[in-house]
Protein chains: 2
Amino acid sequence: MEEQVEKVAKAFVEHYYNIFDTNRSFLSSLYQPSSILTFEGQNIHGVDEIARKLTQLPFDQCKHLITTVDCQPSPFDGGILVFVCGSVHLLGEEHQLRFSQMFHLIPTLQGSFFVQNDIFRLNYG
Amino acid sequence: MEEQVEKVAKAFVEHYYNIFDTNRSFLSSLYQPSSILTFEGQNIHGVDEIARKLTQLPFDQCKHLITTVDCQPSPFDGGILVFVCGSVHLLGEEHQLRFSQMFHLIPTLQGSFFVQNDIFRLNYG
């Protein structure tokens, strides 16, 4: 069971940041109306507001480098908790920004997963 | 509702790291047999193994400094996701170690909460 959880988590992480780095507007397909994003302390509810937030971030191209991916089964039936540490490089900026982020993935009726909970923080210092 | 979630999350974080810094062996009271800890990539299952891991960490006294606490309601009935960034200072060490950690808190029948999921990572670099 843990192997399956790890497989989904790793595939999700690769998929998520690949979309983020190539066409952020498609990230909306990973959220639903019940989703919550907490981005640098700001709470954003629902797929529409989350999509707006992510597409309006004040930079264009970026590239995520993932350092670690941890995951656990959630007690919510079939859910998966994913915990990511990495860095993001903004085009034209010299330094990379370190971040950590967690996702709570919930199975869809179609056999896929959506992001119910998403918490993102830059790690300064 | 969000105010209540935030209140529980902040109280939990204060409680958890206070116990960690004063008497780590009491941390076992916050976990249950179903709990999972992923500590620096190592999966540890159940309150007994988790308590053993936490009490046998290779340092004695430490002091956590919390930088940010984010939280969201979990889709698991009454559950709360807590996301912490901070640093830990080990007694006798010059430098602080930055970390991030997530908890999934689940309500108990007694009206309290226990830690079902716990993922911890040091943030190097």
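Keep in mind the model is a prediction, meaning the values are calculated, not measured.

1. Regarding helix H2 (residues 46-55) of chain A
- For H2(A), the complete set of buried residues consists of A:Gly46, A:Val47, A:Ile50, A:Ala51 and A:Leu54. What you see down the axis of H2(A) is that its buried residues fit within an arc of 165°, all on one side.

2. Observations regarding the interface of chain B and chain A
- Counting from both sides, the interface comprises 32 residues of chain B and, opposite them, 32 residues of chain A.
- In total, about 2600 Å² of surface goes out of reach between chain B and chain A, with carbon and sulfur atoms giving 58% of it.
- Applying the counting criterion to the chain B and chain A interface returns two salt bridges.
- B:Arg121 is paired through a salt bridge with A:Asp70; the nearest N and O atoms lie 2.7 Å apart.
- Where chain B touches chain A, the interface holds 16 residue pairs in polar contact (both at pLDDT 80 or more).
- Counting only elements with at least two residues in the side of chain B that touches chain A, the list comes to strand S1 (31-39), strand S2 (42-45), strand S3 (62-73), strand S4 (80-90), strand S5 (96-107) and strand S6 (113-122) of chain B.
- For the side of chain B that touches chain A, the leading source of residues is S5(B), giving six residues.
- Here the residues of the side of chain B that touches chain A are counted per class, giving 13 nonpolar, 14 polar and five charged.

3. Overview of the confidence of the model for chain A
- Of the residues in chain A, 98% reach a pLDDT of 70 or more, and the chain-wide mean stands at 95.
- For this predicted complex, the interface score ipTM comes out at 0.95, alongside a pTM of 0.96.

4. Here's the deal with the pairing of strand S1 (residues 31-39) of chain A
All names here are of chain A.
- Summarising the sheet, S1 and strand S6 (residues 113-122) pair through five bridges and their orientation is parallel. Looking at the pairing, Ile 36 lines up with Asn 117 of S6.
- As consecutive antiparallel partners, S1 and strand S2 (residues 42-45) are separated by two residues, and within that stretch Glu 40 has a phi angle of approximately 50°, a positive value.

5. Digging into the sheet that holds strand S3 (residues 62-73) of chain A
All names here are of chain A.
- Judged by pairing direction, the sheet is mixed, and its six strands sit side by side in the order S2-S1-S6-S5-S4-S3 without closing on themselves. The strands lining the two open edges of the sheet, one partner per strand, are S2 and S3. Strand-to-strand twist of the sheet, defined as the mean angle between neighbouring strand axes without regard to direction, takes the value 15°.
- Across the face of the sheet, helix H1 (residues 2-22) comes into contact with S1, S3, strand S4 (80-90), strand S5 (96-107) and S6 while running at roughly 160° to S3.
- Across the sheet, H2 lies against S1 and S2, angled at about 45° from S1, the strand it touches most.

6. Details of the sheet that holds S1(B)
Residues and elements named next belong to chain B.
- An order of S2-S1-S6-S5-S4-S3 is seen for the six strands of this open sheet, with the pairing classed as mixed. Only two strands of the sheet have a single partner each, and these edge strands are S2 and S3. Pairwise comparison of adjacent strand axes, ignoring direction, gives a mean angle of 15° for this sheet.
- Bridge count between S3 and S4: eleven bridges; the pairing is antiparallel. Residue pairing for S4: Cys 71 is matched across the bridge by Val 82.
- The strands touched by helix H1 (residues 2-22) are S1, S3, S4, S5 and S6; relative to S3, the strand with the most contacts, the crossing angle is about 160°.
- Docked against the sheet, helix H2 (residues 46-55) engages S1 and S2, running at close to 45° with respect to S1.

The rules behind the values
- Residues numbered from 1 in each chain as written.
- Chains lettered and ligands numbered in written order.
- Predicted model: local features only at pLDDT ≥ 70, side-chain atom pairs only at ≥ 80, totals over all residues.
- Heavy atoms only, no water.
- Buried < 20%, exposed > 50% of the residue type's maximum accessible area, 1.4 Å probe, protein only.
- Helix = DSSP H or I, 4+ residues; strand = E, 2+ residues; numbered from the N terminus.
- Arc of directions from axis to C-beta.
- Contact = heavy atoms within 4.5 Å.
- Buried area = accessible area lost by both parts, 1.4 Å probe.
- Salt bridge = Lys/Arg side-chain N within 4 Å of Asp/Glu carboxyl O.
- Polar contact = N/O pair within 3.5 Å; in protein donor to acceptor, adjacent residues only side chain to side chain.
- Nonpolar A, V, L, I, M, F, W, Y, C, P; charged D, E, K, R; others polar.
- pLDDT = per-residue confidence, 0-100.
- Pairing = 2+ DSSP bridges.
- Axes fitted to C-alpha atoms, helices over the stretch in contact; angles between N-to-C directions.

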